[in-house]
Amino acid sequence: MAEPTTRAFLRHLYDTAVAAAQPAGCLKGRLPPPPSGRMIVIGAGKAGAAMVAYAETYYRVTHGLGPDRLIGTAVARHGYGCDTGTIPLIEAGHPTPDEGSVRAAAAALTLAQAARADDLVLVLLSGGGSANWVAPVEGLTLADKQAINKALLRSGAAIHEINTVRKHLSRIKGGRLAKAAWPAPVITLAVSDVPGDDPATIASGPTVADPTTLAQAR
């Protein structure tokens, strides 16, 4: 008789944890007010589409923002997409990046670079963002990044070690998305999937200054 009870209890714990991580619960009451300019919503990760969908509905319904003031882009793992309203969605590879990952990173960087001082860039991150956004540094190709990613995953390295390497090979990770958005302010809300919840490690910290060195990556 103990086994069904234990199984039911563990299932209850699992369902409770998953429910607590749903974007509607995580983002409720935490979204910033819109700026005087445009609200630029950029989401990435396995929950990227769901997070952007919640934010899009909030700003459209609660604040009455139309497509002239509410813009953005979202990327999620293949099969994890949903209706994101007026904000376009790209599905990309995970854990191995693909062409969708490259297109998604390019879309995010383009929006960030076009941001003005009176705009607000809201970045919504979740686990999987590192694979969903791929912008290789000069001299590297998508094939190179795929091979490196596979090797890192096989290595048994900890996630912060893997992301240390990823950040030094990327034009979007390691704070480079935030740098591209300057002078617009950037706010990041993240659903963490990494031990310790270090913002510089979640999705390889695209809006957090990289504390690691090239020597550490090597």
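Residues numbered from 1 in each chain as written. Predicted model: local features only at pLDDT ≥ 70, side-chain atom pairs only at ≥ 80, totals over all residues. Heavy atoms only, no water.

A. Region of interest: unusual backbone geometry. The step from H94 to P95 runs through a cis peptide bond, and the omega angle for that step is 5°. Unlike most non-glycine residues, S204 shows phi in positive territory, near 65°.

B. Region of the structure containing the nonpolar core. Core analysis: the largest hydrophobic core is formed by 26 residues, its most contacted members being I42, V121, W133, I172 and L177. If you list the elements that add at least two residues to this core, you get β1 (39-44), β3 (89-92), α4 (99-113), β4 (120-125) and α8 (176-181). If we skip the residues at most four places from it in the chain, I172 touches A105, A108, L109, W133, A135, L177 and P206. With 18 residues, the next largest nonpolar core counts L31, M39, V41 and L70 among its residues. (Core = buried A, V, L, I, M, F, W, Y, C linked by side-chain atoms within 4.5 Å. Buried < 20%, exposed > 50% of the residue type's maximum accessible area, 1.4 Å probe, protein only. Helix = DSSP H or I, 4+ residues; strand = E, 2+ residues; numbered from the N terminus. Contact = heavy atoms within 4.5 Å.)

C. Seen up close, the packing of helix α6 (residues 142-155) against helix α7 (residues 159-167). Two numbers describe how α6 lies on α7: the axes approach to 10 Å, and their chain directions differ by 165°. Judged by the inter-axis angle, α6 sits roughly antiparallel to α7. Once α6 is placed against α7, the crossing between them reads as right-handed. Residues I148, N149, L152 and L153 of α6 form the contact with α7, whose own contacting residues are I162, V165 and R166. Residue classes in the contact of α6 with α7 are distributed as five nonpolar, one polar and one charged. (Axes fitted to C-alpha atoms, helices over the stretch in contact; angles between N-to-C directions. Parallel < 35°, antiparallel > 145°, perpendicular 65-115°, else oblique. Left-handed = near helix turned anticlockwise from the far one by under 90°. Nonpolar A, V, L, I, M, F, W, Y, C, P; charged D, E, K, R; others polar.)

D. Structural detail: the sheet that holds β4. Strand order in the open sheet formed by five strands is β3-β2-β1-β4-β5, and the pairing between neighbours is parallel. A single partner strand is all that each edge strand has here, and the edge strands are β3 and β5 (186-190). Direction aside, neighbouring strands of the sheet carry axes that sit 15° apart on average. Relative to strand β2 (residues 70-77), β1 is paired through six bridges, and the arrangement is parallel. Its bridge partner being in β2, V41 is matched across the sheet by G72. The sheet contacts of helix α3 (residues 48-62) involve β1, β2, β3, β4 and β5, and relative to β2 the element is tilted by about 160°. (Pairing = 2+ DSSP bridges.)

So far we have only geometry, and geometry alone does not tell us how the molecule works.
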